[in-house]
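For reference, the chains in residue letters:
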2 protein chains.
Amino acid sequence: MLQTEKPKYQKLKEYIIQMIQAKELNAGDKIFSENELAERFDISRHTIRQAFSELVNEGWLYKVQGKGTFVNREPGVRVKGAKTIGVITTYLNDYIFPAIIRGVYDVLSEKGYNIALNCTYNRHEKERLCLENLLEQNIAGLIVEPTKSALPNPNIDLYKRFSTQGIPILFIHGCYRELEYSYIVEDDTEAGYMATKHLIDLGHERIAGIFKIDDIQGHYRFSGFQKAHLEAGLSISDSRIIWFETDDQDIKFKIGGTHIQDLLAQCSAVVCYNDQIALKVMDILREKGLSIPDTLSLVSFDDSQLAQASEVKLTTVAHPKERLGEEAGRSILNMIDRVQDYYDIKMQPELIIRGSTENWIGGIKNE
Amino acid sequence: MLQTEKPKYQKLKEYIIQMIQAKELNAGDKIFSENELAERFDISRHTIRQAFSELVNEGWLYKVQGKGTFVNREPGVRVKGAKTIGVITTYLNDYIFPAIIRGVYDVLSEKGYNIALNCTYNRHEKERLCLENLLEQNIAGLIVEPTKSALPNPNIDLYKRFSTQGIPILFIHGCYRELEYSYIVEDDTEAGYMATKHLIDLGHERIAGIFKIDDIQGHYRFSGFQKAHLEAGLSISDSRIIWFETDDQDIKFKIGGTHIQDLLAQCSAVVCYNDQIALKVMDILREKGLSIPDTLSLVSFDDSQLAQASEVKLTTVAHPKERLGEEAGRSILNMIDRVQDYYDIKMQPELIIRGSTENWIGGIKNE
DNA sequence: AACGCTCACTTGTGCGTACAACTTGAGGAT
DNA sequence: ATCCTCAAGTTGTACGCACAAGTGAGCGTT
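Numbering of residues begins from 1 in every chain and follows the order in which that chain's sequence is written. Key to labels: chains lettered from A, ligands numbered from 1, both in the order written. In keeping with the model being predicted, local features are shown solely for residues with a pLDDT of at least 70 and side-chain atom pairs are shown and tallied solely at 80 or more, while totals for entire chains, interfaces and linings include all residues. Hydrogens and water are ignored here; the side-chain numbers use all heavy atoms of the structure.

**A word on the relation of the copies chain A and chain B**
For clarity, the cut-off: When the copies are overlaid, the least-squares fit takes in C-alpha atoms only where the residue has pLDDT of at least 70 in both copies. Whether two residues are in contact is decided by their heavy atoms, any of which lying within 4.5 Å being enough.
Expressed as a screw operation, the relation of chain A to chain B combines 0.8 Å of axial shift with a rotation of 179°, fitting to an RMSD of 1.9 Å. What the superposition gives is, in effect, a two-fold axis relating one chain to the other. When C-alpha distances to the rotation axis are compared across chain A, the minimum falls at S310 of chain A, with a value of 1.9 Å. Same-surface contact between copies: 100% of interface residues of chain A are shared with the interface of chain B.

Rendered as structure tokens:
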């Protein structure tokens, strides 16, 4: 006895798909009529129609009554996967977000992918909504800037749902410690080290630090701050470190309970968590009539647009921003195409020396 | 004679869809068997199968051989409309783009809509690619910041394709003169007028102007500049007006062929196209050792983050930014829901007086 | 109680027919 | 040259039949 054979309409389907793939039938070509095929293969017209009906549904063919059946413009396109990448950021602000998005967009748009933008405002509830929203979409991959990355995350379950659906996830800018997902980050410890070492090399010994407590980046930058001190044999006084949170509104006058002016009076230099904090510090100093870098040297992070907007340009450790975005775009595409499954990239920051630390060597103005 | 009636299988389809929507048939329920329906409605089983086949394809039903036909878990999900709004901007930069996107995002995410982000880099070729890309997507509406809005647009044909597909388009920030589409813009003429009048009120008579030539906003702001002069009985000298283009790289040293320092030497105030230009002008003045506002008063537009980053804070005509984004989000949703088909909103700008024009009254420093 | 068999019922495959609706081009009438 | 009609060819709708294949409940045997 013969093995159960495939149904006739199935064989006809495969035959036609093969012809299309072999370019014997091209886009827009008229295909044999139903009657012709019925006669040629000695099959009933009904069976032909069954095969055609499925081919139409799968996007290979289309029919026009009275004219005939034709090969679709891009046969089998609908069979291909989604062409959208979900992107979740913490803020949609004027800081480094635009540069990162630009990097991601440039790479993805090149390959015909789209970006579905979402934002958490650094709140776990919003993060949950974003994830639920994207789960309903048909996305091919997910790029996430983690929300409050230093705190435990209540949305792990949702992240895992993406994984079980085979949707790759890539974290940028930071990552959750609980998850072993791919990430691309700036080497924040190194950045903190570079900033602090620069000040120490200039001869500073009493250096203040202002760091953010609820993002993992703040912890790492502080860690580099410590490392540079340790290496130089300098001690770190807790009283010179200020920690602040996302929600601190009155950051201008006191940070984490300590009045900035009191702190700065004891020091000759300060490491600011980012350019925004640096500008706020500069405003306070200006009010007091203190000059930079003569009275106080100042280093910050990120090299945002703000770093060059002030009268004294900021010495800052440049975040790779746009390059990081591009790298993230390339990586998520590779993960989708299964070229590589896992990434743990630390990008090197770069120290950019400008006016806020120039001319200060060993406490003596150098001109 | 009767009008041509709908085919039987169509009527059967609609009947079943109705029953599902009316919850008479629920997810997972087993539906009548083919034979039962055939007998009940006195239709051939073949016709029933035709209707069922389409319902399966559209996701309403699924079949299991030997068991029966069942209602799908989320019947008609694919039938629902798209929940994505295409957004096309000219740049993804640190200026007012983040605020606008934030406004749009806040409104749309509230209603469960997603943003598909695109960017033209102010080039018509890129704009074309974005539009072609979004045409292939299943978007519900389109928000566009026009590319080179003062120039004729070569992509009108693509914009019209959206309209013929019933996808509403809303322009923000400017609009193409060739198209009669909905738009939401800042009243740039009024903004130009407010900025200039403020200087005239302070006693300035020789006022320079720097404007962008290839965006329609530049034209309008200049038009307000003219209006204020006319109203005050002051003449405008062409030699005090500088036009620049998107692509001008060396804007710092000369703008449109004219050296800035030569120009500014003749004037007591300058209207700058935006905050970015204003900061560049401030840098030039700082190099020359000239002070603001004593030597030169300065007004700009947009009230971006930059306006408060410099040592002398900028007097600027605030762009509605975030409010404009929110308004755009609300409007496109109304257009999708057919609540209102057409919008032509001009939002009023607001003059914010800061250090760059303070203390200058009639040429005498007022302290 | 466990197992296997049968049978009724379901959907799947396949054949046949007929006529309706639509497209197109050829040929005739104007 | 233009318009109209009609016929041939195409897909669409609708009916009929038969048997294959999978499911599950009921029955009887073990």
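**Points about the pairing of strand β3 (residues 84–89) of chain A**
Put simply, side chains in a regular strand alternate between the two faces of the sheet. All names here are of chain A. Which entries qualify depends on this criterion: Burial classes: relative accessible area under 20% of the type maximum marks a residue as buried, over 50% as exposed, and values in between as partly exposed (1.4 Å probe, protein chains only). Here a helix means four or more residues in a row that DSSP labels H or I, a strand means two or more in a row labelled E, and each is numbered from the N terminus. Here, strands pair whenever DSSP counts at least two bridges between them. A right-handed crossover is one whose linking path, passing over the helix from the first strand to the second, runs clockwise when the strands point away from the viewer.
Across the six residues that make up β3, a large majority, six, are buried. Where burial is concerned, the two faces of β3 agree: the one with T84, G86 and I88 and the one with I85, V87 and T89 are both buried. With six bridges joining them, β3 and strand β4 (residues 114–119) adopt parallel strand pairing. Paired with V87 across the strands is L117, a residue of β4. Handedness of the β-α-β unit built from β3, helix α4 (residues 97–110) and β4 comes out right-handed. By the bridge criterion, four bridges tie β3 to strand β5 (residues 141–144) in an arrangement that is parallel. Within β5, the position partnered with G86 by the bridge is L142.

**Structural notes on the interface of chain A and chain B**
Note the following rule: Defined in terms of a 1.4 Å probe, buried area is the accessible area two parts forfeit on being brought together, summed over both. A carboxyl oxygen of Asp or Glu within 4 Å of a side-chain nitrogen of Lys or Arg is what we treat as a salt bridge. For this analysis, a polar contact is any N or O atom pair within 3.5 Å, provided that within protein one partner can donate a hydrogen and the other can accept it, and provided that sequence-adjacent residues contribute only side-chain to side-chain pairs. Charged residues are taken to be Asp, Glu, Lys and Arg, nonpolar residues to be Ala, Val, Leu, Ile, Met, Phe, Trp, Tyr, Cys and Pro, and polar residues to be all remaining types, Gly included.
The partner chain B presents 34 residues to the 34 residues of chain A that form the contact. Carbon and sulfur atoms make up 45% of the area that chain A and chain B hide from each other, which totals about 3100 Å². Put simply, chain A and chain B have two salt bridges between them. With its nearest N and O atoms 3.2 Å apart, the salt bridge here joins K313 of chain A to D283 of chain B. Joining chain A to chain B, the criterion identifies 14 residue pairs in polar contact (both at pLDDT 80 or more). Elements with a contribution of two residues or more to the side of chain A that touches chain B: α3 (45–57), α4, β4, α5 (124–136) and α10 (275–288) of chain A. A class-by-class count of the residues in the side of chain A that touches chain B yields 16 nonpolar, eleven polar and seven charged. Sheet topology note: the β4 of chain A/strand β4 (residues 114–119) of chain B ladder contains three bridges and is antiparallel. Residue I115 of chain A lies in a different strand from β4 of chain B, and its bridge partner there is L117 of chain B.

**Considerations on helix α1 (residues 8–21) of chain A**
Residue and element names in this part refer to chain A. What counts is decided by this rule: By definition here, a helix of n residues has an expected span of 1.5 Å times n minus one. Directions are taken from the helix axis to each C-beta atom, and the arc is the one they span.
Along its 14 residues, α1 runs 20 Å from first to last C-alpha, staying within 8% of the 20 Å computed at 1.5 Å per residue. Of all the residues in α1, the buried ones are Y9, L12, K13, I16, I17, M19 and I20. The buried residues of α1 occupy an angular sector of 160° when projected down its axis, which confines them to one face. Exposed positions of α1 whose direction lies more than 90 degrees from the buried face are K8, Q18 and Q21. Taken together, the buried residues of α1 touch α2 (34–41), α3, β1 (61–64) and β2 (68–71). Just downstream of α1 lies K23, where phi reads positive at about 65°.

**Points about the protein's contact with DNA strand C**
For clarity, the threshold we go by: We call a residue near a given molecule or strand whenever any one of its heavy atoms falls within 4 Å of it.
In the neighbourhood of DNA strand C, 25 residues make up the surrounding shell, with K8, Y9, T47 and K67 of chain A together with T69 of chain B lying closest. Restricting the count to atoms of DNA strand C within 4 Å of the protein gives a sugar and phosphate share of 74%. The contact in question runs from a phosphate oxygen of DNA strand C to an N or O atom on the side chain of S33 of chain B, over 3.4 Å. Between DNA strand C and the protein, one listed contact pairs a phosphate oxygen with a backbone N or O atom of E34 of chain B at 2.9 Å. At the level of secondary structure, the elements contributing two or more residues to the surface near DNA strand C comprise α1 and α3 of chain A together with α2 (34–41), α3 (45–57), β1 (61–64) and β2 (68–71) of chain B.

**What about the protein's contact with DNA strand D?**
By nearness alone, 25 residues border DNA strand D, and E34 and R45 of chain A together with K8, Y9 and T47 of chain B come closest of all. Near the protein, within 4 Å, the atoms of DNA strand D are sugar or phosphate in 72% of cases. Here E34 of chain A contributes a backbone N or O atom positioned 2.9 Å from a phosphate oxygen of DNA strand D. For DNA strand D, a phosphate oxygen lies 3.2 Å from a polar atom in the side chain of R49 of chain A. Going through the elements one at a time, α2, α3, β1 and β2 of chain A together with α1 (8–21) and α3 of chain B are the ones with two or more residues in the surface near DNA strand D. The leading source of residues in the surface near DNA strand D is α3 of chain B, at four residues. Considering only residue class, the surface near DNA strand D consists of four nonpolar, 13 polar and eight charged.

**Re the packing of aromatic side chains**
Put simply, the rule is: Working definition: a ring pair exists when centres of Phe, Tyr or Trp rings (six-membered ring for Trp) sit within 6.5 Å. Plane angles under 30 degrees give stacked, over 60 give edge-to-face, the rest tilted. By the criterion adopted, a ring carries a charge over it if an Arg CZ or a Lys NZ lies within 6 Å of its centre and within 35 degrees of its normal.
According to the stated counting rule, one finds 20 aromatic pairs over all chains in the structure shown. Judged by centre distance (5.9 Å) and plane angle (75°), the ring pair of F244 of chain B and Y273 of chain B falls under edge-to-face. With F244 of chain B in strand β9 (residues 241–244) and Y273 of chain B in the loop between β12 (269–272) and α10 (275–288), this pair connects stretches of sequence that are 29 residues apart. For the residue pair F244 of chain B and Y273 of chain B, the accessibility class agrees, reading buried in each case. Aromatic ring contacts, followed pair by pair, group Y159, F171, Y176 and Y181 of chain A into a single cluster. Just above the ring of Y193 of chain A sits the side chain of K227 of chain A; from NZ or CZ to the centre is 4.4 Å.

**Let's talk about the state of the cysteines**
Residue and element names in this part refer to chain A. Under the convention used in this document: Here, a disulfide means two cysteine sulfur atoms that sit within 2.5 Å of each other.
One pass over the structure, following the stated rule, counts zero disulfides over all chains. C119 provides the cysteine sulfur closest to C130, a residue in no disulfide bond, and the two sulfurs are 6.9 Å apart. You can call C130 buried: its relative accessible area is 4%.

**Focus: the confidence of the model for chain A**
All names here are of chain A. Let me state the cut-off plainly: Values of pLDDT, ranging from 0 to 100, describe the predictor's confidence in every residue of the model.
Averaged over chain A, the pLDDT score is 83; the fraction of residues at 70 or greater is 90%. Summarising per-element confidence for chain A, the mean pLDDT is lowest in strand β18 (residues 364–365) (45) and highest in strand β14 (residues 315–318) (96). Counting interchain partners and residues more than four positions distant, the pLDDT-below-50 stretch residues 76–81 has six contacts. Confidence drops under a pLDDT of 50 for residues 362–367, and excluding neighbours within four residues, the segment shows eight contacts in the predicted structure.

**Digging into α5 of chain A**
For α5 of chain A, with 13 residues, the first-to-last C-alpha span of 19 Å sits near the 18 Å given by 1.5 Å per residue. Among the residues of α5 of chain A, H124, E127, C130, L131, N133, L134 and L135 of chain A are the ones counted as buried. On the buried face of α5 of chain A, the contacting elements are β3, β4, β5 and α6 (156–164) of chain A together with α4 (97–110) and β4 of chain B.

**Here's the deal with the environment of K83 of chain B**
All names here are of chain B. Mapped onto the secondary structure, K83 falls in the loop between β2 and β3 (84–89). Given the relative accessible area of 39%, K83 is considered partly exposed. Sequence separation between K83 and Y113 is 30 residues; the distance between their C-alpha atoms is 4.9 Å. In contact with K83, not counting residues within four places along its chain, are K111, G112, Y113 and N114. Side-chain polar atoms of K83 contact the backbone oxygen of K111, separated by 3.5 Å.

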